[in-house]
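The lines below spell out each chain.
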Amino acid sequence: MMKLKTMAVAFLALSLPFAALAAKEVTKEEVKTMNLEKIGTVHTTAETTSPMDAKAVLSKLADEKGGKYYLIIAGREHGKFSATADVYK
């Protein structure tokens, strides 16, 4: 039982730095005022089951592209959710 608790604490501790690096959603106004540079566009698949899941996927994809921020430019709900976002640094 002690090993399980130790492993759980270690997992949580290792997860925190990755969560801190997640790309942040911004508004059009923030893109302008922060003078962000667009570096690409990302798209989710139609497999996410909620808007929050789609945002999490967009954040991850923006991270993989080297972005710090993303702006959702399109979204669609068709039983599942899909979205497109511009990625900025």
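To keep things clear, this report deals only with the structure shown in the data block. (Residues numbered from 1 in each chain as written. Predicted model: local features only at pLDDT ≥ 70, side-chain atom pairs only at ≥ 80, totals over all residues. Heavy atoms only, no water.)

1. What to know about the pattern of salt bridges
Stage number 1. By the definition in use, this model includes four salt bridges.
Stage number 2. When the shortest N-O distance is used, the salt bridge between Glu-30 and Lys-24 registers 3.9 Å.
Stage number 3. Its relative accessible area of 44% is what places Lys-24 among the partly exposed residues.
Stage number 4. Between Lys-60 and Glu-64 there is a salt bridge, with its nearest N and O atoms 3.8 Å apart. Taken as a pair, Lys-60 and Glu-64 lie in helix H3 (residues 51-64) at a separation of four residues, close to a single helical turn.
Stage number 5. Glu-64 gets classed as exposed once you look at its relative accessible area, which sits at 55%. (Salt bridge = Lys/Arg side-chain N within 4 Å of Asp/Glu carboxyl O. Buried < 20%, exposed > 50% of the residue type's maximum accessible area, 1.4 Å probe, protein only. Helix = DSSP H or I, 4+ residues; strand = E, 2+ residues; numbered from the N terminus.)

2. Considering the environment of Val-26
Stage number 1. Relative to the elements of secondary structure, Val-26 occurs in the loop between strand E1 (24-25) and helix H2 (28-33).
Stage number 2. In this structure, the C-alpha to C-alpha distance between Val-26 and Lys-68, residues 42 residues apart in sequence, is 9.9 Å.
Stage number 3. Once residues lying within four places of it in the same chain are set aside, the contact partners of Val-26 are Val-31, Leu-36, Tyr-69, Tyr-70 and Leu-71. (Contact = heavy atoms within 4.5 Å.)

3. A few points about the pairing of strand E3 (residues 69-77)
Stage number 1. Pairing analysis gives two bridges linking E1 to E3, with the strands arranged parallel. Along E3, the bridge assignment pairs Glu-25 with Tyr-70.
Stage number 2. For E3 and strand E4 (residues 81-88), the ladder comprises eight bridges, and the chain directions are antiparallel. By the bridge assignment for E4, Ala-74 is matched with Thr-84.
Stage number 3. Hairpin geometry of E3 and E4 is characterised by an intervening segment of three residues between the two adjacent antiparallel strands and by a positive phi of about 90° at Gly-79. (Pairing = 2+ DSSP bridges.)

4. Section: the nonpolar core
Stage number 1. Of all hydrophobic cores here, the largest spans eight residues; its members are Ala-23, Val-42, Leu-58, Ala-62, Tyr-70, Ala-83, Ala-85 and Val-87.
Stage number 2. Taken together, the elements giving at least two residues each to this core come down to H3 and E4.
Stage number 3. By residue number, the principal contributor to this core is E4, which donates three residues.
Stage number 4. Beyond its immediate sequence surroundings of up to four residues, Ala-85 is in contact with Gly-40, Thr-41, Val-42, Leu-58, Tyr-70, Leu-71, Ile-72 and Ile-73.
Stage number 5. Residues Val-31, Tyr-69, Leu-71 and Tyr-88 belong to the second largest nonpolar core, which totals six residues. (Core = buried A, V, L, I, M, F, W, Y, C linked by side-chain atoms within 4.5 Å.)

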